[in-house]
Amino acid sequence: MTEREPRDPNDPVLPAVEEVREAELRGVEAGLGEVFEVPIGPIHPAMKEPIRLTFRVRGERIVGVEIRTGFAHRGIEFMGMRQGRNLIQVLYLSERICGICSVSHPIAFTQAVERAAGIEVPPRAQYIRVIISELERIHSHLLWAGVAAHELGFDTLLHLTWRVREKVLDILEELTGNRIDYAIPIFGGVRRDITPEQYPKVWEAIRYYRGLLEQLLDAFLRDPTVEARTRGVGVLEPKEAEELCAVGPTARASGLRKDVRQDRPYLAYPDFEVKAITPADYGLTPIGDVYDKIVVRLLEVGQSLDIIEKALMNMPEGEITSFPKIPALLAYLKKAEGEGLGWHEAPRGEVIHYVRLVSGDESLLVWKVKAPTYSNLLSWYPMFEDQEIADIPIIAACIDPCICCMDRVYVVRDGREETWTKEQLLKLSWEKTRRLRR
Amino acid sequence: MILKTLVAQLLSRPATNRFPAKYMPKSVTRFLARVREGRAQIHPPVPVPPKFRGKIAYDREKCIGCQLCIRVCPAKVIEFKPEVKKIRMYVARCTFCAQCVDACPVNALSLSPEFLLASTDRLSSELIVE
Ligand code: SF4
Ligand code: SF4
């Protein structure tokens, strides 16, 4: 295991490429040894996602990394904008941005559209949305914990965690009709109610996880193997997390109390007074390594259980949607005009959807999605610094990356990649805004 | 936790549901052929919950040909047959969102618990509902 030296506060968090190269050359002159390039990817390095990581290594040590994305840009936003799809059809497209956050994206998207069109969501629907999204958080965090164990080479723990995860998937299937892709939110409410017969099943699941959580924490955090592989590995210092705009558990593991549910509460979240969880809540001093990320994610499972419990107890009665008839909803959305922003704390961090509607058009004029990994990707640079090659998979996996969800376009012309400068991008965005104003 | 689970697992029955046959047949295709002939029986899969979203079932008699389901379907599963004013659904494309079920004004569409839809031919008769 290698400990990275604390960063000099005057150093930039992301040094320029030339500086890194110069430092490498100085190292070679000082007899530290040659630097080699190790390309990993673009077909699933560590996790099953298309991204290429080019490491510069000296011996076993990583001295630099280059991240290249753009292998699987699916153009979902484009498909949703003026391609002959109405908003209800786009809703299911948004659900398919991410298979794991398959309720987070629709929640952010419906909120954006509801703000743009001025639609109210009945309280009961808000509670149901919260319950489903917290159940999703449990399943996602357990999935990640299993993947992390797998990346450490501890497959027993992987199977143990995933076996435990089955229960929450069963509950989601019971409540929504499917294990993944729940199809629950719709503009103005939710599509399925939680019936009286279903409450006991959810309560049973909560009890099941309450009993297991302590054991899970024990299996992960008091295991010498896990500790040896994760303590001091992939450190993201608080300052780095702040400067690189990390979100979600990645930022919280570094000790930042940052959570959209706490900072800008939406839906029914004000009722639950969510507090961002950091390793300090477990009596540890946050250092931002992989171990801390495990701590945060497992504690958040407990937090989600609290929220679901509270939601079930205080569930308001009433309607579950303000538009029970689909034709009325379609007609209303066609007339709506305006722009809206929707946000949600997905299991991986903050997800943001921006939409713009014009009246007389069933489709969206603009749709912009920012998935959490987009904000977290840059934290890889400091995390990989000075680490060993063997730790690449777990460091790559520790931000819980979802590459396809955040992928952006790469411009390749005549077989060469094009780099766009800040000025060019700014100009492009002005042009687009002008075009849209018209 | 690991040791405890290990011991518990050793002493308990396997959690796997043996599907489609209790004991591995020599040839799966031959086994399935026998099932089709009615000479063998499939070991049933784990039951699905009541709200499960499976293959869409269509009640031709109820349908009034309003085409609302076509408007909301995100996967363009549904095709209108203007001559009879009824619909045809290509289940191979369906994403099982059940939006068409919610949209239909006369409840002509419903969800069946059927999920065994694997086929080598997207246009096979089992995968077209009309
Ligand atoms: S379930 Fe969804 S995808 Fe399938 S036919 Fe109905 S609306 Fe279309
Ligand atoms: S919405 Fe119902 S009634 Fe209308 S065409 Fe579809 S199935 Fe028929």
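For clarity, every value in this text was computed on a predicted model and none was experimentally measured.

K.L.:
Is there a simple way to think about the overall build of chain A in this case?
P.N.:
From N to C terminus, chain A includes 18 helices and ten strands. In terms of overall dimensions, chain A is globule-like: its C-alpha atoms have a radius of gyration of 23 Å, near the 22 Å expected for 438 residues. For the C-alpha atoms alone, the extent of chain A along its principal axes is close to 75 × 55 × 35 Å. In chain A, which comprises 438 residues, the proportion classed as buried is 47%. When contacts within chain A are restricted to residue pairs at least 6 apart in sequence, those whose partners lie at least 24 apart make up 71%.

K.L.:
Please clarify how the overall build of chain B should be interpreted in this entry.
P.N.:
A tally of regular secondary structure across chain B gives four helices and five strands. Sequence-ordered secondary structure for chain B, helices as α and strands as β, is α-α-β-α-β-β-α-β-β. The C-alpha atoms of chain B give a radius of gyration of 20 Å, which is well past the 14 Å a tight globule of 130 residues would have. Expressed as a percentage of the 130 residues in chain B, the buried residues total 18%. Partitioning the contacts of chain B with sequence separation of at least 6, the portion at a separation of at least 24 is 61%.

K.L.:
Would you mind going over the site of ligand 1 with me for this structure?
P.N.:
Around ligand 1, a shell composed of 15 residues is seen, among which B:Cys73, B:Val77, B:Cys94, B:Cys97 and B:Cys100 lie nearest. Here the shell around ligand 1 is composed, by residue class, of 13 nonpolar, two polar and no charged.

K.L.:
Mind showing me how you'd approach the site of ligand 2 here?
P.N.:
Among the 13 residues in the neighbourhood of ligand 2, the closest are listed as B:Cys63, B:Cys66, B:Cys69, B:Cys104 and B:Ala108. Residues that form the shell around ligand 2 fall into these classes: eleven nonpolar, two polar and no charged.

K.L.:
So what exactly am I meant to see when it comes to the pairing of strand S1 (residues 36–40) of chain A here?
P.N.:
Regular strands have side chains that alternate between both faces of the sheet. Residues and elements named next belong to chain A. Where burial is concerned, little of S1 is hidden: zero out of the five residues are buried. The pairing of S1 with strand S2 (residues 52–58) spans five bridges and is antiparallel. Across the sheet, Phe-36 pairs through a bridge with Val-57, a residue of S2.

K.L.:
Before we go on, may I ask you to explain the nonpolar core in this structure?
P.N.:
Grouped burial of nonpolar side chains is what soluble globular proteins tend to show. Core analysis: the largest hydrophobic core is formed by 141 residues, its most contacted members being A:Ala148, A:Ala371, A:Ile395, B:Cys69 and B:Cys100. Sorting elements by how many residues they give to this core places helix H5 (residues 123–151) of chain A first, with 14 residues. The residues that make up this core include at least three from each of domain 1 (17–70 + 376–398) and domain 2 (76–375) of chain A. Apart from the residues lying within four places of it in its own chain, the contact partners of A:Ala148 are A:Ile294, A:Ile394, A:Ala397 and A:Cys398.

K.L.:
Would you mind going over the domain arrangement of chain A with me for this structure?
P.N.:
By a frequent convention, interface size equals the accessible area lost on bringing the separate parts together. Residues and elements named next belong to chain A. Taken domain by domain, chain A comprises domain 1 (17–70 + 376–398) and domain 2 (76–375). Contributing elements (two or more residues each) for the side of domain 1 that touches domain 2: helix H15 (380–384) and helix H16 (392–398). For the side of domain 1 that touches domain 2, the element with the most residues is H16, which contributes five residues. Residue composition of the side of domain 1 that touches domain 2, by class: eleven nonpolar, three polar and one charged.

K.L.:
Where do I start with the confidence of the model for chain B in this structure?
P.N.:
Residues at a pLDDT of 70 or more form 100% of chain B, whose mean pLDDT is 83. Across the assembled chains, the prediction reports ipTM 0.84 with pTM 0.89.

K.L.:
Help me understand the pairing of strand S3 (residues 86–90) of chain B, please; the structure alone is not making it clear to me.
P.N.:
Residue and element names in this part refer to chain B. The side-chain alternation of S3 yields one buried face, formed by Ile-87 and Met-89, and one unburied face, formed by Lys-86, Arg-88 and Tyr-90. Strand direction decides the pairing type here: strand S2 (residues 78–81) and S3, joined by four bridges, are antiparallel. Bridge pairing in S3 links Glu-79 to Arg-88. Hairpin connection from S2 to S3: four residues lie between these consecutive antiparallel strands, with Lys-85 at a positive phi of about 55°. Both S3 and strand S5 (residues 128–129) contribute to a ladder of two bridges, which runs antiparallel. Note on S5: the bridge partner recorded for Met-89 is Val-129.

K.L.:
Just checking my understanding: could you explain helix H12 (residues 290–313) of chain A for this structure?
P.N.:
Its 24 residues give H12(A) an end-to-end C-alpha distance of 35 Å, which sits within 8% of 34 Å, the value for a rise of 1.5 Å per residue. Across the 24 residues that make up H12(A), a large majority, 18, are buried.

K.L.:
Looking at this model, I keep getting lost on the interface of chain B and chain A. Mind explaining?
P.N.:
Across the contact, 18 residues belong to chain B and 19 residues belong to chain A. Secondary structure elements with two or more residues in the side of chain B that touches chain A: helix H1 (2–11), helix H3 (68–72) and helix H4 (99–103) of chain B. Residues that form the side of chain B that touches chain A fall into these classes: eleven nonpolar, three polar and four charged.

K.L.:
I'm lost on helix H13 (residues 326–335) of chain A in this one. Help?
P.N.:
Along an α-helix, residues three or four apart share an orientation, since each turn contains 3.6 residues. Residue and element names in this part refer to chain A. The set of residues buried in H13 consists of Ile-326, Leu-329 and Leu-333. Down the axis of H13, the buried set is contained in an arc of 60°. They therefore lie on one face. Counted as exposed and oriented over 90 degrees from the buried face of H13: Ala-328 and Lys-335.

K.L.:
What's the story with the environment of A:Gly349 in this structure? I'm lost.
P.N.:
All names here are of chain A. Tracing the chain through its elements places Gly-349 in strand S7 (residues 349–357). Using a count of 28 C-beta atoms within 10 Å as the deciding quantity, one classes Gly-349 as buried. Along the backbone, Gly-349 and Trp-420 are 71 residues apart, and their C-alpha atoms lie at a distance of 27 Å.

K.L.:
Looking at this model, I keep getting lost on the sheet that holds S2(B). Mind explaining?
P.N.:
Paired through their backbone hydrogen bonds, the strands of a sheet run either parallel or antiparallel. Read across the sheet, three strands follow the order S2-S3-S5 (chain B) without closing on themselves; strand pairing throughout is antiparallel. A single partner strand is all that each edge strand has here, and the edge strands are S2 and S5 of chain B.

K.L.:
Before we go on, may I ask you to explain the sheet that holds strand S3 (residues 61–68) of chain A in this structure?
P.N.:
Residues and elements named next belong to chain A. As summarised here, the arrangement of the three strands in space is S1-S2-S3, forming an open sheet in which the pairing is antiparallel. The two strands at the open ends of the sheet, each matched to only one other strand, are S1 and S3. On average, adjacent strands in this sheet sit at an angle of 25° to one another, irrespective of strand direction. Strand direction decides the pairing type here: S2 and S3, joined by seven bridges, are antiparallel. Bridge pairing in S3 places Arg-52 opposite Arg-68.

K.L.:
What's the story with the environment of A:Arg192 in this structure? I'm lost.
P.N.:
Of note, A:Arg192 is situated in the loop between strand S5 (189–190) and helix H7 (199–221). Residue classification places A:Arg192 among the partly exposed positions, given that 19 C-beta atoms sit within 10 Å. Sequence separation between A:Arg192 and A:Ser94 is 98 residues, and the spatial gap between their C-alpha atoms is 18 Å. Leaving out residues up to four positions away in the same chain, A:Arg192 has contacts with A:Thr176, A:Ile184 and B:Lys51.

K.L.:
Would you mind showing me how to read unusual backbone geometry here?
P.N.:
With glycine set apart, most residues show a phi of negative sign, and most peptide bonds adopt trans. All names here are of chain B. If you check the backbone angles, Lys-76 has positive phi at about 55° while not being a glycine. For Lys-76, the location among the structural elements is in the loop between H3 and S2. Take Lys-76: there are 12 C-beta atoms within 10 Å of it, and that puts it in the exposed class. Its identity is not glycine, yet Asn-107 carries a phi of approximately 55°, on the positive side. Relative to the assigned elements, Asn-107 resides in the loop between H4 and strand S4 (109–111). By the C-beta count within 10 Å, which is 10 here, Asn-107 ends up exposed.

Each value, and the rule that gives it
- Residues numbered from 1 in each chain as written.
- Chains lettered and ligands numbered in written order.
- Predicted model: local features only at pLDDT ≥ 70, side-chain atom pairs only at ≥ 80, totals over all residues.
- Helix = DSSP H or I, 4+ residues; strand = E, 2+ residues; numbered from the N terminus.
- Rg over C-alpha atoms; globule rule 2.2 N^0.38 Å.
- Buried ≥ 20, exposed ≤ 12 C-beta atoms within 10 Å, placed from the backbone.
- Contact = placed C-beta atoms within 7 Å.
- Near = placed C-beta within 6 Å.
- Nonpolar A, V, L, I, M, F, W, Y, C, P; charged D, E, K, R; others polar.
- Pairing = 2+ DSSP bridges.
- Core = buried A, V, L, I, M, F, W, Y, C linked by C-beta atoms within 7 Å.
- Domains from an automatic or database assignment.
- pLDDT = per-residue confidence, 0-100.
- Expected span 1.5 Å × (residues − 1).
- Arc of directions from axis to C-beta.
- Axes fitted to C-alpha atoms, helices over the stretch in contact; angles between N-to-C directions.

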